[in-house]
Amino acid sequence: MNLKIDGESKTIHTSAPTVGAALAKAGYSVGDHDVVAPAATTRLHNHGEIVLKRGRLLHLTIDGKQRDIWVTTPTVADALAQLGYSTSDFASVSRGKRLPLSPTDIEIRLPKQ
């Protein structure tokens, strides 16, 4: 069975009956803001793949206005691109940084005319 966790693959051997049970046996819990495919209740088949994208909470401050948002991308660059922010927008955190599973504070300043 192949597990793909936040884009990184590893192989596990399991006798678990479902996707959720296989993830639990491998040490991963599925949170409310995580995406898992196939669904956690899906019965396992030999040589399948399980994809888990863990949710990460961003505390964004955009031009002084605060907003909390959940993303399932592993890096700041991926998260900001998914949210529609350009690379020309100032970000207080390096875009190359991997997002931790704990909340991340990011300040964004948009170009002004």
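See the structure above.
Residues numbered from 1 in each chain as written. Predicted model: local features only at pLDDT ≥ 70, side-chain atom pairs only at ≥ 80, totals over all residues. Heavy atoms only, no water.

What follows concerns the sheet that holds strand 2 (residues 8-11). For sheets, the rule is that strands pair by backbone hydrogen bonds, running either parallel or antiparallel. The mixed open sheet is built from four strands, whose spatial order is 2-1-4-3. For this open sheet the edge positions go to strand 2 and strand 3 (35-37), each flanked by a neighbour on one side alone. Looking at each pair of strands side by side, their axes are set apart by 15 degrees on average, direction ignored. As paired elements, strand 1 (residues 2-5) and strand 4 (residues 49-53) share four bridges and run parallel to each other. (Pairing = 2+ DSSP bridges. Helix = DSSP H or I, 4+ residues; strand = E, 2+ residues; numbered from the N terminus. Axes fitted to C-alpha atoms, helices over the stretch in contact; angles between N-to-C directions.)

Let's shift gears to the layout of surface pockets. Space inside the largest pocket adds up to approximately 170 Å³. As for the largest pocket, its lining consists of Met1, Ile12, His13, Thr14, Ser15, Ala16, Leu44, His45, Asn46 and His47. Of the residues contributing to the lining of the largest pocket, the split by class is four nonpolar, six polar and no charged. (1 Å grid on protein atoms, 1.4 Å probe; cavity = no way out; pocket = protein on both sides within 12 Å on 5 of 7 lines; lining within 4 Å. Points joined across faces, edges and corners; volume = space filled by probe spheres on them. Nonpolar A, V, L, I, M, F, W, Y, C, P; charged D, E, K, R; others polar.)

Summed over all chains, the structure comprises zero aromatic pairs. Taking the ring centre of phenylalanine 90 as reference, the NZ or CZ of arginine 109 above it sits at 4.0 Å. (Phe/Tyr/Trp six-rings, centres within 6.5 Å; stacked < 30°, edge-to-face > 60°. Lys NZ or Arg CZ within 6 Å of the ring centre and 35° of its normal.)

This part is about the pairing of strand 2. As paired strands, strand 1 and strand 2 are joined by four bridges and run antiparallel to one another. Note that in strand 2 the partner of isoleucine 5 across the bridge is glutamate 8. Two successive antiparallel strands, strand 1 and strand 2, enclose a turn made up of two residues, where aspartate 6 displays a positive phi of approximately 50 degrees.

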